[in-house]
Amino acid sequence: MDNFTFYSPTFFVFGKDTENEAGQYVKQFGGSKVLIHYGGQSAKKSGLLDRVGASLDAAGIPYVSLGGVKPNPRSGLVYEGIDLCRKEGVDFVLAVGGGSVIDSAKAIAAGVQYDGDFWDFYSGKAHIARALPVGTVLTIAAAGSEGSPDSVITKEEGMFKRGTGSNAIRPRFSILNPALTQTLPAYQSAAGITDIMAHLYERYLTNTKEVEVTDRMIEALLLTMKHEGPRVIADPNNYDARANIMWAGMMAHNNSCGVGRSQDWNSHNIEHELSALYDCAHGAGLAVTMPAVFKYVMNHDVMRFAKVAVRVWGCQMDFDHPEVTALEGIEAFRRFLIDLGMPSNFAELGAKEEDIPKLVEVLCHGDGRTGSISGFVELSEEDCTKIYQMMV
Ligand code: NZQ
Ligand code: ZN
């Protein structure tokens with residue numbers, strides 16, 4: 001196991017009706033003027049925004065609102081949010097929504113306290129040293145942004161989708177009410193489940209030896225998702241399955257399963273170009289990307305793929321031909337995602353084969369990259385081209 005530090009100070013409030021406590025927690029964490037940041041229609045339609053507003057009113061905390069965050073959030077609204085916070089003297093950003101809303105809120109919170117262009121944080125020119133405090137009321141189990149130090153934003157000029165990370169933007173508190181996720185369309189639930197499993201796989205694919213404790217934690221969470229995923233697709237109102245998925249989604253990405261080990265993230269990088277160009281759901285893009293990446297890199301450490309195949313997917317170990325077991329595990333995962341309702345190829349995702357050179361160019365050269373991406377294995381432009389072709 002490698003040396004590591006682990007700091008995850010988010011205060012979690014979990015369970016039914018907990019969104020009504022938002023005002024109380026904003027106050028506890030020092031907010032006196034709030035920006036409520038939200039997405040399209042869902043939080044309005046369900047009455048959630050009204051409940052959160054009422055809870056701020058009850059706590060005597062004034063607020064302004066900025067909605068309109070789109071999935072795969074854009075830089076344009078971040079600039080707008082930064083201006084609004086400065087103009088209104090906002091000192092706390094409350095995200096009400098999914099990963100896109102939370103990531104946009106984090107970007108605004110960091111941008112308000114920075115003299116330069118907030119994009120500097122995403123292009124790697126600057127590190128986020130301070131930010132306004134952020135709180136969240138989560139409405140979809142997926143990105144894990146409610147417990148992570150990360151934020152992913154797409155810059156309209158060039159459609160660069162890039163991430164940044166800093167403990168300064170980790171949410172101070174996150175309110176997780178699984179019942180809020182019961183209104184999700186099945187496709188979004190499935191995309192969220194896929195993303196959670198991707199966060200687990202990206203950590204499982206490591207070059208660090210002897211990391212059994214985190215291997216076992218990841219396997220336990222993958223087994224949970226394997227069990228609970230189909231249950232929420234079959235019965236969207238199953239609160240207990242929603243609850244298990246929601247907490248698994250947080251644990252999959254606050255890095256408790258990723259400490260002391262190298263991680264992959266090639267699938268995420270390859271996928272981010274797809275959701276940037278085609279505006280598909282991030283999880284749906286991952287469903288198409290992961291099986292191709294896994295098959296391509298499998299021989300780098302075939303026993304690792306065989307291990308997850310046996311321990312999670314119930315495959316029989318073929319000791320003479322571990323590559324057969326490894327491949328069976330990847331296939332079982334691919335079929336699982338299809339059964340959830342996820343796409344399995346470019347056409348189903350809305351991607352086009354003729355765009356592959358463009359995807360590879362932005363992936364390997366865009367915004368400061370130098371011709372390859374690296375994770376579990378280093379992937380050259382040629383490798384990335386072959387992987388995208390495998391998805392067609
Ligand atoms: O905008 P509204 O109307 O709210 O609709 C949203 C949106 O269309 C809808 N939705 C959310 N909660 C709902 C609901 N509909 C009905 N009922 C509810 N309770 O779902 C759609 C997707 O929302 P979004 O926030 O985009 O989903 P998700 O949480 O999957 O976030 C995806 C974004 O997070 C980034 C992704 O790249 C993508 O941009 N990621 C962020 C990470 C992080 N910050 O740590 C890590 C991830 O790997 C990921 O890259
Ligand atoms: Zn993800």
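Quick note: structure is the one above.
Residues numbered from 1 in each chain as written. Chains lettered and ligands numbered in written order. Predicted model: local features only at pLDDT ≥ 70, side-chain atom pairs only at ≥ 80, totals over all residues. Heavy atoms only, no water.

A. Layout of the sheet that holds strand 5 (residues 134-138). Across the sheet, six strands lie side by side as 1-8-5-4-2-3; this open sheet has parallel pairing. Looking at which strands have only one partner, the edges of the open sheet turn out to be strand 1 (11-14) and strand 3 (63-66). Shown here is a sheet whose adjacent strand axes are inclined to one another by a mean of 15°, direction ignored. The pairing of strand 2 (residues 34-38) with strand 3 spans four bridges and is parallel. Across the sheet, the residue bridging to Leu 35 is Val 64, located in strand 3. Sheet contacts for helix 4 (residues 75-88): strand 2 and strand 3; angle to strand 3, the most-contacted strand, approximately 165°. (Pairing = 2+ DSSP bridges. Helix = DSSP H or I, 4+ residues; strand = E, 2+ residues; numbered from the N terminus. Axes fitted to C-alpha atoms, helices over the stretch in contact; angles between N-to-C directions. Contact = heavy atoms within 4.5 Å.)

B. View of the coordination of the zinc ion (ligand 2). At the metal site, the zinc ion (ligand 2) is ligated by Asp 195 (OD), His 199 (NE2), His 268 (NE2) and His 282 (NE2), and these contacts range over 2.0 to 2.2 Å. Written as a sequence motif, the donor residues of the zinc ion (ligand 2) are D-x3-H-x68-H-x13-H. Remark: His 199 and Asp 195 occur in helix 6 (residues 186-204); sequence separation between them is four residues, near one turn of the helix. (Donors = N, O, S within 2.8 Å, 3.2 Å for Na, K, Ca; no water.)

C. Quick look at the packing of aromatic side chains. Under the criterion given, the structure shown has 20 aromatic pairs. Aromatic side chains Phe 11 and Tyr 25 sit 5.5 Å apart centroid to centroid with 40° between the ring planes, which places their arrangement in the tilted category. With Phe 11 in strand 1 and Tyr 25 in helix 1 (residues 22-28), this residue pair connects regions lying 14 residues apart in the sequence. The exposure class of Tyr 25 is buried, given its relative accessible area of 9%. A connected cluster of aromatic rings, assembled from ring pairs, spans Tyr 201, Phe 294, Phe 305, Trp 313, Phe 333, Phe 336 and Phe 376. When the ring centre of Tyr 239 is taken as reference, the NZ or CZ atom of Lys 16 above it lies at 4.3 Å. The aromatic ring of Tyr 204 is capped on one face by Arg 304, whose charged end is 4.9 Å from the ring centroid. (Phe/Tyr/Trp six-rings, centres within 6.5 Å; stacked < 30°, edge-to-face > 60°. Buried < 20%, exposed > 50% of the residue type's maximum accessible area, 1.4 Å probe, protein only. Lys NZ or Arg CZ within 6 Å of the ring centre and 35° of its normal.)

D. Main features of helix 11 (residues 302-311). Taken together, the buried positions of helix 11 are occupied by Val 302, Arg 304, Phe 305, Ala 306, Val 308 and Ala 309. Against helix 6, helix 7 (212-234), helix 10 (282-297) and helix 12 (322-340) lie the buried residues of helix 11.

E. Geometry of the packing of helix 10 against helix 15 (residues 381-391). Interhelical geometry of helix 10 versus helix 15 gives an angle of 125° and a closest axis separation of 9 Å. Our classification of the angle between helix 10 and helix 15 gives oblique. The way helix 10 lies across helix 15 gives a crossing that is right-handed. Contact residues: Val 288, Thr 289, Ala 292, Val 293, Lys 295 and Tyr 296 in helix 10; Asp 383, Lys 386, Ile 387, Met 390 and Met 391 in helix 15. Taken together, the residues that form the contact of helix 10 with helix 15 break down as seven nonpolar, one polar and three charged. (Parallel < 35°, antiparallel > 145°, perpendicular 65-115°, else oblique. Left-handed = near helix turned anticlockwise from the far one by under 90°. Nonpolar A, V, L, I, M, F, W, Y, C, P; charged D, E, K, R; others polar.)

F. Seen up close, the pattern of salt bridges. One pass over the full model with this rule turns up 19 salt bridges. The partner of Arg 311 in a salt bridge is Glu 219, with the nearest N and O atoms 3.0 Å apart. Taken together, the residues span a long stretch of sequence, with Arg 311 in helix 11 and Glu 219 in helix 7 at a distance of 92 residues. Classification of Glu 219 as buried rests on a relative accessible area of 3%. Each member of the salt-bridge network shares a partner with another, and the members are Glu 212, Asp 215, Arg 216, Glu 219, Arg 261, Arg 304, Lys 307 and Arg 311. (Salt bridge = Lys/Arg side-chain N within 4 Å of Asp/Glu carboxyl O.)

G. Structural detail: helix 14 (residues 356-365). Those residues of helix 14 lying buried are Ile 356, Leu 359, Val 360, Val 362, Leu 363 and Cys 364. Those residues of helix 14 that are buried are in contact with strand 7 (160-165), helix 9 (266-278), helix 13 (346-349), strand 9 (372-374) and helix 15. Just past helix 14, the residue Asp 367 takes up positive phi, approximately 50°.

H. A nonpolar patch on the surface, seen in detail. Residues Met 1, Phe 4, Phe 6, Val 213 and Met 217 make up a contiguous nonpolar surface patch of about 470 Å² in total accessible area. Checked against the element boundaries, Phe 4 lands in the segment before strand 1. (Patch = residues over 30% accessible without salt bridge, like charges linked within 9 Å, V, L, I, M, F, W, Y side chains within 5 Å. Areas by Shrake-Rupley, 256 points an atom, 1.4 Å probe, with all protein chains shown as cover.)

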